[in-house]
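Remarks on the overall topology
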Amino acid sequence: MPLELVSIETDTHPLDGLYYTPSAKPKNAALFMHGNCMNFYTGPARMTPPALVHAGYACLAYNRRGHDMIASLNSRAVTGGAFQMTKEAVADNCYAAQWLCGRDHDNPLVIGHSNGGMLAVQHVADRPATPALVLLSAHLGGKSIVAHASKVGLLGGEGIEAVNAEARAMVAAGRGRDLMRLPGWWYVITAESYLDYSSALPDVLALAPQIKCPVLYIRGDKEPAHIYPAEEFAGRAGGRCDVHIVKDCDHFYGGREDAVTGIMTEWLADVMGKT
């Protein structure tokens, strides 16, 4: 399986990634969008491309600038998931799509896990020529995600009001890029990133009617449906949407990788033969 380590230019620092290609001419390519504080070489972003290559597709798995929790580049300046902003994440996916266009893949498939799935919905809504979308435990996004997540112990849990007040006070004091503790998350986040996450995320359910291409929405049975709303998205989608709930499966698919990739490749074989 040929692999190419790539560097995708942005308006600041480049995005690192791996470009996977089959031995024969690919049927098409896929963009893989990783989840919050993850990267292109762990979890679903690592397990998915080999299955796609085996099915005849190329795949670009790449880091957004908001990858991992905190990362350093060629200096002591830091970046990463704790600093991520929605506008930057949306732009990074556009940069990656432009890179694939340079490899003669103008309309790739789009696959996203978790936060990457939420961003994938926005990406596809902006690109109606996308042939297919695969959502791997995409969360609902929008302005209600923090309230929903806090009820299951994430994003501050019961202390959400205090966290929100602290973040607003830090931004007002000109300390928006300072780190604050965030229990039940990846433990630290900047104040401005927390407020952005609370108010600026794409709303998956509101965008659903704009998605006309075929969609596969996978969720593990250990994940709450009100946060990962596969069934409701399918009911609102502007085209075909197939939902698969994977048994004995959590948000990161540990031990269930083959089941998830098997569902995905079988679905693509069906859908891409009809598009």
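Right above here is the structure, for reference.
The notes below deal with the structure included here. (Residues numbered from 1 in each chain as written. Predicted model: local features only at pLDDT ≥ 70, side-chain atom pairs only at ≥ 80, totals over all residues. Heavy atoms only, no water.)

A few words now on the sheet that holds strand E8 (residues 133-136). With mixed pairing, eight strands are arranged side by side in an open sheet as E1-E2-E4-E3-E7-E8-E11-E12. Edge positions in the sheet fall to strand E1 (3-8) and strand E12 (241-246), since each of these pairs with one other strand and no more. Across the sheet, the mean angle separating the axes of adjacent strands is 20 degrees when strand polarity is ignored. Pairing geometry for strand E7 (residues 109-113) and E8, over four bridges, is parallel. Its bridge partner lying in E8, Val110 is registered against Leu133. Strands in contact with helix H2 (residues 86-101) are E1, strand E2 (15-20), strand E3 (29-33) and strand E4 (58-62); relative to E3, the strand with the most contacts, it is inclined by about 160 degrees. The sheet strands contacting helix H3 (residues 115-125) are E3, E7 and E8, and the helix crosses E7 at an angle near 150 degrees. (Pairing = 2+ DSSP bridges. Helix = DSSP H or I, 4+ residues; strand = E, 2+ residues; numbered from the N terminus. Axes fitted to C-alpha atoms, helices over the stretch in contact; angles between N-to-C directions. Contact = heavy atoms within 4.5 Å.)

This next bit is on the pairing of E2. Counting buried positions over the six residues of E2 gives five, a clear majority of the element. As defined by bridge partners, E1 adjoins E2 across six bridges and the pair is classed as antiparallel. Counted as the bridge partner of Leu3 is Tyr20 from E2. The loop that links E1 with its antiparallel partner E2 comprises six residues. (Buried < 20%, exposed > 50% of the residue type's maximum accessible area, 1.4 Å probe, protein only.)

The tendency in soluble globular proteins is for nonpolar side chains to be buried side by side. Ranked by size, the top nonpolar core spans 56 residues in total, and within it Leu60, Leu133, Leu135, Ile211 and Phe233 carry the most contacts. Top contributing element to this core by residue count: H3, with six residues. In this structure Ile211 touches Val121, Val124, Ala125, Leu133, Phe233, Ala237, Gly238 and Gly239, once residues within four positions along its chain are discounted. (Core = buried A, V, L, I, M, F, W, Y, C linked by side-chain atoms within 4.5 Å.)

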